[in-house]
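Residues per chain, in single letters:
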Amino acid sequence: MNTRSSATGASPSGQDSDQGGSARTPPRAPRRRGRQSSALASERRVDLVRLAADLFAQKGFQATTVREIADEAGILSGSLYHHFDSKESIVDEVLSSYLDELLGDYRAALEEGGEPRELLGRLIGAAYRSLKPHRAAITVLQNDWNYLRQFPRFGYLEEAEQEIQRIWMDVIRDGQAKGAFRPDIDPKLTYRMIRDTIWVAVRWYRPDGPLGTDDLAEHFMTVLFDGISFGERSFEA
């Protein structure tokens, strides 16, 4: 058995690494280029999604070109394909991120429990809070819903909408059953009126303005639950 290499610290090439009795030089720590490059690529991807989302919201998904996205990002069109294989992949990430977060907030609101009015208030608050971080996604859904839903890859849009509608309607129906909400209102119509009122706010709400999304939610709930007038309505629409 050759025990020399283990006794003297010979290198794989057969050369002694501690010649002349000098201390062995410790190996250099490997550079973490891979991890740094991955982090930069991830950051760049997030930035591209944000830029593209703003363009989709301004011009519409169909009217926005890959070249325009690349120009906005200051890169060549071909470079965009290092991060995404198509324009559809970008809007897919924009919309799925929004719906995943919104549904997560709704489910969390239900898990907290509480009376129907309290639960409905949580749903309203979550919906208004989504206006600031997901302004572009909400605008794209409003403008391009009918176009995108025809493609199989966007089938989750319909599925998400159905779950969201079911969550709201269940809370409204539960409130009616418990006497918290009027029994003569239609749950589905009520949900759609609330949803559209919140969604349309994305067109005029300014995140840098004097009101935050919690302020909007509080005002909306005051009007919804308490009304804007005293006494009984004495006229018909």
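Residues numbered from 1 in each chain as written. Predicted model: local features only at pLDDT ≥ 70, side-chain atom pairs only at ≥ 80, totals over all residues. Heavy atoms only, no water.

Caption draft 1: Spatial organisation of the side chain of Thr190. The residue Thr190 is located in helix 9 (residues 187–200) in this model. Polar side-chain contacts of Thr190 include one of 2.7 Å to the backbone oxygen of Asp186. Aside from chain neighbours lying at most four places away, what touches Thr190 is Ile172 and Ile185. (Helix = DSSP H or I, 4+ residues; strand = E, 2+ residues; numbered from the N terminus. Polar contact = N/O pair within 3.5 Å; in protein donor to acceptor, adjacent residues only side chain to side chain. Contact = heavy atoms within 4.5 Å.)

Caption draft 2: Region of the structure containing the pattern of salt bridges. Applying the stated criterion to the full structure yields 16 salt bridges. In this structure, Asp92 and Arg153 form a salt bridge, with 3.1 Å as the shortest nitrogen-oxygen distance. With Asp92 in helix 5 (residues 87–112) and Arg153 in the loop between helix 7 (135–148) and helix 8 (155–177), this residue pair connects regions lying 61 residues apart in the sequence. Close ionic contact of Lys178 with Asp174 constitutes a salt bridge, the shortest N to O distance being 3.3 Å. Through salt bridges with shared partners, one network takes in Arg44, Asp47 and Arg50. (Salt bridge = Lys/Arg side-chain N within 4 Å of Asp/Glu carboxyl O.)

Caption draft 3: Local environment of helix 10 (residues 213–226). With 14 residues, helix 10 ought to run about 20 Å at 1.5 Å a step, and its terminal C-alpha atoms sit 19 Å apart, in line with that. Looking at helix 10, one finds that the buried residues are Thr213, Leu216, Ala217, Phe220 and Met221. Summarising the axial view, the buried residues of helix 10 lie within an arc of 130°, below the 170-degree limit, and thus occupy one face. Exposed side of helix 10, more than 90 degrees from the buried face: His219 and Asp226 are the residues found there. In this fold, the buried residues of helix 10 make contact with helix 6 (116–129) and helix 9. Positive phi shows up at Gly227, right after helix 10, with a value of about 80°. (Expected span 1.5 Å × (residues − 1). Buried < 20%, exposed > 50% of the residue type's maximum accessible area, 1.4 Å probe, protein only. Arc of directions from axis to C-beta.)

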